[in-house]
Amino acid sequence: MKFGIEFVPQIPLDELVRLVKIAEDVGFEYAWITDHYNNKNVYETLALIAANTETIKMGPGVTNPYVRSPAISASAIATIDEISNGRATFGIGPGDKATFDALGIAWEKPVSTIKAAIADITTLLDGGKTEAGAALGGAKKVQDAIPIYMGAQGPKMLETAGEIADGVLINASNPKDYEAAMPMIKKGIGDQDKDFDVAAYTATSIGTDSEAAKNAAKIVVAFIAAGSPPPVIARHGLPEGFNEQMGEFLAQGNFGGAIGAVTPEALDAFSVCGTPDEFIPKIEALADMGVTQYVAGSPVGKNVEESIKLLGDVIASF
Ligand SMILES: C[C@H](OP(=O)(O)OC[C@@H](O)[C@@H](O)[C@@H](O)Cn1c2nc(=O)[nH]c(=O)c-2cc2ccc(O)cc21)C(=O)N[C@@H](CCC(=O)N[C@@H](CCC(=O)O)C(=O)O)C(=O)O
């Protein structure tokens with residue numbers, strides 16, 4: 001099992017880099033940085049990580065093909081690969097509707113848009129020219145190929161990830177999600193002979209106090225639930241409309257209401273939380289479903305530094 005960790009670049013960047021270095025020291029292999037226009041810039045954050053770490057790989061987890069053209073993304077990730085001496089990885093997903101509404105960007109044909117973007121980014125990183133005539137000059141990757149991961153949850157997006165990517169980052173924390181996802185991923189992989197990394201991009205909250213760790217996960221679970229399509233809500237046996245209910249609370253800014261409505265079943269559906277001893281069987285259950293990378297997603301825990309070190313103990317037992 002590989003281990004990754006997600007950081008949302010909204011804390012002071014010197015603190016974020018300090019935490020990434022601790023994660024690197026305790027055995028994490030990947031640092032994934034989220035990309036939302038209203039947070040700090042993903043690539044400047046990645047550049048700081050690249051310049052201040054030795055072994056951990058780093059990349060957007062995940063960017064999207066709408067806010068930057070493929071050529072800008074290719075140049076950015078090639079530059080991160082140069083700064084990190086070949087440790088860049090690249091995560092791209094369809095983005096989320098709230099972002100594009102706020103930016104006045106039409107969110108159209110996400111599957112074909114991602115396919116076209118990944119094709120162009122691959123061409124550019126390989127030194128080629130796109131149909132539109134773009135070609136990279138100064139920014140050149142160090143690695144033979146920068147691994148491309150897709151952020152995906154829907155059936156078509158999962159199949160597309162299997163078909164064209166090196167891995168998938170699935171915003172899901174429960175074995176049922178991977179049981180459902182694997183057939184679509186395998187359908188996309190088809191008879192390709194390639195390594196494929198199935199990364200469980202979970203909402204993680206670990207601590208020595210189980211209840212406190214679970215409470216720290218609730219607000220993140222509310223956001224994930226709100227962004228989950230109805231089939232995912234049904235899969236976990238949650239009440240129909242639970243996603244809309246969460247969405248309404250969050251849209252009103254009623255975070256207390258959202259947190260209060262997160263049930264133990266919703267916590268189990270959309271997060272991995274508790275003490276280190278509670279974590280190991282949960283990660284093993286994900287591995288049994290084909291997960292090959294566990295990504296500790298926000299909030300990681302009440303005290304992030306302490307939680308990263310506790311996760312180091314969990315990593316040591318795999
Ligand atoms: C678009 C959506 O795909 P989805 O994979 O479910 O999207 C949900 C999330 O993955 C998506 O919002 C991500 O960008 C969210 N996301 C992040 N989104 C961000 O904006 N920033 C982040 O940092 C971020 C991190 C992240 C990490 C992991 C992860 O799994 C997701 C993450 C969907 O509805 N897909 C369906 C329908 C696809 C569709 O639209 N099909 C149409 C069009 C087909 C075409 O496009 O050609 C059709 O069939 O007609 C499907 O996959 O079946």
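Calculation criteria
Residues numbered from 1 in each chain as written. Predicted model: local features only at pLDDT ≥ 70, side-chain atom pairs only at ≥ 80, totals over all residues. Heavy atoms only, no water. Salt bridge = Lys/Arg side-chain N within 4 Å of Asp/Glu carboxyl O. Helix = DSSP H or I, 4+ residues; strand = E, 2+ residues; numbered from the N terminus. Near = heavy atom within 4 Å. Polar contact = N/O pair within 3.5 Å; in protein donor to acceptor, adjacent residues only side chain to side chain. Areas by Shrake-Rupley, 256 points an atom, 1.4 Å probe, with all protein chains shown as cover. Nonpolar A, V, L, I, M, F, W, Y, C, P; charged D, E, K, R; others polar. Domains from an automatic or database assignment. Buried area = accessible area lost by both parts, 1.4 Å probe.

1. Points about the pattern of salt bridges
Inspection of the entire model under this criterion finds 11 salt bridges. With a shortest N-O distance of 3.4 Å, Lys-187 and Glu-159 are connected by a salt bridge. With a gap of 28 residues between them, Lys-187 in helix 7 (residues 175–189) and Glu-159 in helix 6 (residues 155–164) connect regions that are remote in the sequence. Across the salt bridge formed by Arg-235 and Asp-177, the nearest N and O atoms sit 2.7 Å from each other. Here the residue Arg-235 occupies a position in helix 9 (residues 230–235), and Asp-177 occupies one in helix 7, the gap between them amounting to 58 residues. The network of salt bridges with shared partners includes Glu-15, Arg-18, Glu-305 and Lys-309.

2. Re the site of the ligand
The ligand sits among 25 residues. The nearest are Gly-95, Val-111, Ser-112, Lys-156 and Leu-169. Between His-36 and the ligand, the recorded distance is 3.1 Å, taken from a side-chain N or O atom to a nitrogen atom. Within the contact set of the ligand, an oxygen atom lies 3.5 Å away from a backbone nitrogen or oxygen of Pro-155. Burial of the ligand by the surrounding chains reaches 78%, relative to a free accessible area of 1000 Å². Breaking the shell around the ligand down by element, the ones donating at least two residues are helix 5 (110–125), helix 6 and strand 6 (167–170). The residue inventory of the shell around the ligand, partitioned by class, reads 11 nonpolar, 10 polar and 4 charged.

3. Structural notes on the domain arrangement of the protein chain
Domain annotation for the protein chain reports domain 1 (1–146) and domain 2 (161–298). In total, about 1300 Å² of surface goes out of reach between domain 1 and domain 2, with carbon and sulfur atoms giving 59% of it. Three residues stand out in domain 1 for area buried against domain 2, namely Met-1, Lys-2 and Glu-6, and they jointly supply 42% of the buried area on that side. Remark: the boundary between domain 1 and domain 2 carries 2 salt bridges. Between Lys-115 and Glu-163 there is a salt bridge; the shortest N-O distance is 3.5 Å. Put simply, domain 1 and domain 2 have 8 residue pairs in polar contact (both at pLDDT 80 or more) between them. When contributions to the side of domain 1 that touches domain 2 are tallied by element, the ones reaching two or more residues are strand 1 (2–7), strand 2 (30–33) and helix 5. The greatest single-element share of the side of domain 1 that touches domain 2, amounting to 5 residues, is contributed by strand 1. When the residues that make up the side of domain 1 that touches domain 2 are grouped by side-chain class, the tally is 10 nonpolar, 4 polar and 3 charged.

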